[in-house]
Amino acid sequence: MFENVLKGKTAVVTGSNSGIGLGIARELAAAGADVVLNSFTNDEADHKLAADMASEFGVDVRYIQADMSKADECRALIEKAGSCDILVNNAGIQHVAPIPEFPVDKWDAIIAINMSSAFHCTAAALPEMQKKGWGRVINIASAHGLTASPYKSAYVAAKHGVVGLTKVTALEEAGKGITCNAICPGYVLTPIVEKQIPDQMKTHNMSREDVIKNVMLARQPSGEFATVEQMGGTAVFLASDAAAQITGTTISVDGGWTAL
Ligand code: NAD
């Protein structure tokens, strides 16, 4: 249905050398978009990922290193991309601890990478979108942008902030051919989630299987992880003309979590 719908568009996906960002980048490429991949590393594997994706989908794919915890590097990423019709603000990290013990450096990093980078990249990308009269800003928030869990203060605050930023961006750009929406995933089995499993096993004194079933997916009524391909498909839909009047809202892809 979406084959070639994004031909001629360039998509910049922050934090896209793994997990959801990579899944979204792949679906955008499959729909015909040229893609800029990003992370803070500059490894041979990052550039190989781009080259392999380019030959798999027959589109232009580049990898640009930029640290999304730094305002100037966020803005430089958009400048180096040259063109950015579709911006996917996806980079994110997690840390879990009670508020009194929450390390200040972790708080600062989560706010910077998960929230402020979306502001900086959006600010840098909007002027060109305004000139073209077409643009899509897709923010990867979370079920934690709409609801909370204990011990995730920085993450929940940042993701609620991203949902707020999404609404403001949409209102400022309404009627200019530019939309801004947030995708709110539930649990997707990516490295960010994989890393939480050992801590949760310790905290709850449970096996891996029990943590997945009784802790992580306890709030996901479907009892299943969402997938990176489903996030990608949602992003392609939001970038398509079918979604031209969808703006300033959140789309939950969370197996029913936020319906509870
Ligand atoms: P992941 O750890 O697989 O991917 C995170 C990506 O961000 C990686 O590519 C990493 O290299 C990049 N990144 C981290 N710090 C960076 C920095 N300083 N500069 C540039 N890039 C950086 O995790 P994921 O699950 O794919 O998460 C992607 C997004 O989806 C995050 O914003 C996360 O909060 C959100 N999310 C994930 C889930 C889930 O269950 N996996 C659920 C809801 C929301």
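Residues numbered from 1 in each chain as written. Predicted model: local features only at pLDDT ≥ 70, side-chain atom pairs only at ≥ 80, totals over all residues. Heavy atoms only, no water.

Concerning the overall build of the protein chain
Note the cut-off: For the purposes of this entry, the term helix denotes a DSSP run of H or I that reaches at least four residues, the term strand denotes a run of E that reaches at least two, and both are numbered from the N terminus. This radius of gyration counts C-alpha atoms alone. The globule rule is 2.2 Å times how many residues there are, raised to the power 0.38. We call a residue buried when its accessible area falls under 20% of the maximum for its residue type, exposed when it is over 50%, and partly exposed in between, using a 1.4 Å probe and counting protein chains only. Accessible areas in this description were obtained via Shrake-Rupley with a 1.4 Å probe; residue shielding takes into account the shown protein chains only. Neither His nor the chain ends contribute to the count of charged residues, in which Lys and Arg are positive and Asp and Glu negative. To locate a charge, take atom NZ for lysine, CZ for arginine, CG for aspartate or CD for glutamate.
Helix and strand counts for the protein chain come out as nine helices and seven strands. Taking 18 Å as the expected radius of gyration for a compact globule of 260 residues, we find that the protein chain reaches 18 Å, a close match to that expectation. Projected onto its principal axes, the C-alpha coordinates of the protein chain cover approximately 55 × 40 × 35 Å. Split into buried and exposed, the 260 residues of the protein chain put 49% on the buried side. With an accessible surface of roughly 11,800 Å², the protein chain has 55% of that area assigned to carbon and sulfur atoms. Separation of charge centres in the protein chain, based on 21 positive and 28 negative side chains, amounts to 3 Å.

A look at the pairing of strand β4 (residues 86-89)
Just so we agree on the cut-off: Strand pairing is assigned whenever DSSP detects at least two bridges linking the two strands. Crossovers are marked right-handed if the path from the first strand over the helix to the second runs clockwise, as seen with the strands pointing away from the viewer.
Covered by surrounding structure in β4 are Ile86 and Val88 together with Leu87 and Asn89, the residues of both alternating faces. When strand β1 (residues 10-13) meets β4, the two strands line up parallel, connected through three bridges. Of the residues in β4, the one forming a bridge with valine 13 is valine 88. Looking at chain direction, β4 and strand β5 (residues 135-140) are connected through four bridges and run parallel. Bridge assignment links asparagine 89 to a residue of β5, and that residue is asparagine 139. Handedness of the crossover is the feature at issue here: the chain leaves β4, passes through helix α4 (residues 104-132), returns alongside β5, and the resulting connection is right-handed.

Some points on the site of the ligand
Put simply, the rule reads: Whether a residue is near a molecule or strand depends on its heavy atoms: it is near if one of them lies within 4 Å of it. The term polar contact refers here to a pair of N or O atoms within 3.5 Å; inside protein, the definition further demands a hydrogen-donor-capable atom paired with an acceptor-capable atom, and it admits residues adjacent in sequence only when both atoms are side-chain atoms. Cavities and pockets were defined on a 1 Å grid built over protein atoms only: a cavity is a set of grid points that admits a 1.4 Å probe from which the probe cannot escape, a pocket is an open set flanked by protein on both sides within 12 Å along at least five of seven lines, and lining residues are those with an atom within 4 Å of any such point. The rule for placing a molecule in a cavity or pocket is simple: more than half of its atoms must lie within 2 Å of the grid points. Three residue categories are used. Nonpolar comprises Ala, Val, Leu, Ile, Met, Phe, Trp, Tyr, Cys and Pro, charged comprises Asp, Glu, Lys and Arg, and polar comprises the others, including Gly. Domain start and end points were adopted from an automatic or database domain assignment.
What surrounds the ligand is a group of 31 residues, the closest being Asn17, Ser39, Asn90, Tyr155 and Thr190. Interatomic distance of 2.7 Å between a backbone N/O atom of valine 188 and an oxygen atom of the ligand. Protein contact buries 94% of the 810 Å² of open area that the ligand shows by itself. In this structure, the ligand is accommodated by the largest pocket. Elements that contribute at least two residues to the shell around the ligand include exactly α1 (19-30), β2 (34-39), α5 (153-173) and α6 (191-194). If one sorts the elements of the shell around the ligand by residue count, α6 sits on top with three residues. Counted by class, the shell around the ligand contains 16 nonpolar, 13 polar and two charged residues. Residue assignment places the shell around the ligand across two domains, with domain 1 (10-188 + 226-259) and domain 2 (189-224) each supplying three or more.

Regarding the packing of aromatic side chains
Each aromatic ring pair is characterised by the separation of its centres together with the angle its planes make. Heads up, the rule is: Geometry of aromatic contacts follows a simple scheme: Phe, Tyr and Trp rings, the Trp one being its six-membered ring, pair when their centres are within 6.5 Å, and the pair is stacked under 30 degrees between planes, edge-to-face over 60, tilted otherwise. By the criterion adopted, a ring carries a charge over it if an Arg CZ or a Lys NZ lies within 6 Å of its centre and within 35 degrees of its normal.
Throughout the structure, instances matching the rule amount to one aromatic pair. Their ring planes at 25° and their centres at 5.6 Å tell us that tyrosine 187 and tryptophan 257 sit as a pair that is stacked. In this pair, tyrosine 187 sits in the loop between β6 (178-185) and α6 while tryptophan 257 sits in the segment after β7 (250-253), placing the two residues 70 residues apart along the sequence. As far as burial versus exposure is concerned, tyrosine 187 and tryptophan 257 are alike and both buried. In this arrangement the basic side chain of lysine 9 is found over the ring face of tryptophan 134, its NZ or CZ atom lying 3.9 Å from the centre.

A few points about the domain arrangement of the protein chain
Condition: Residue contacts follow a heavy-atom distance rule, with two residues in contact if any of their heavy atoms lie within 4.5 Å. Note: buried area is the sum, over both parts, of the accessible area (probe 1.4 Å) each one loses when the two are combined. A carboxyl oxygen of Asp or Glu within 4 Å of a side-chain nitrogen of Lys or Arg is what we treat as a salt bridge.
You can read the domains of the protein chain as domain 1 (10-188 + 226-259) and domain 2 (189-224). Relative to domain 2, the C-alpha centre of domain 1 lies at a distance of 24 Å. Contact residues are listed per partner, giving 21 residues for domain 1 and 13 residues for domain 2. The junction of domain 1 with domain 2 conceals about 1,200 Å² of combined surface from both sides, 54% of it contributed by carbon and sulfur atoms. Of all residues in domain 1, the largest losses of buried area upon contact with domain 2 belong to Tyr187, Val188 and Trp257, amounting jointly to 45% of the total for that side. Across the contact surface, domain 1 and domain 2 share zero salt bridges.

Quick notes on empty space enclosed by the protein
The following threshold applies: Grid points are joined across faces, edges and corners, and a volume is the space filled by probe spheres set on the points.
For the structure on display, the rule yields one cavity of 30 Å³ or more. Each pocket or cavity is described by its volume, and for the largest cavity that value is around 50 Å³. Thr14, Asn89, Asn90, Ala91, Ile113, Asn114, Ser117, Ala118, Asn139, Ile140, Lys159 and Val162 are the residues that line the largest cavity. For the lining of the largest cavity, the element with the highest residue contribution is α4, accounting for four residues. Its residues assigned to classes, the lining of the largest cavity shows five nonpolar, six polar and one charged.

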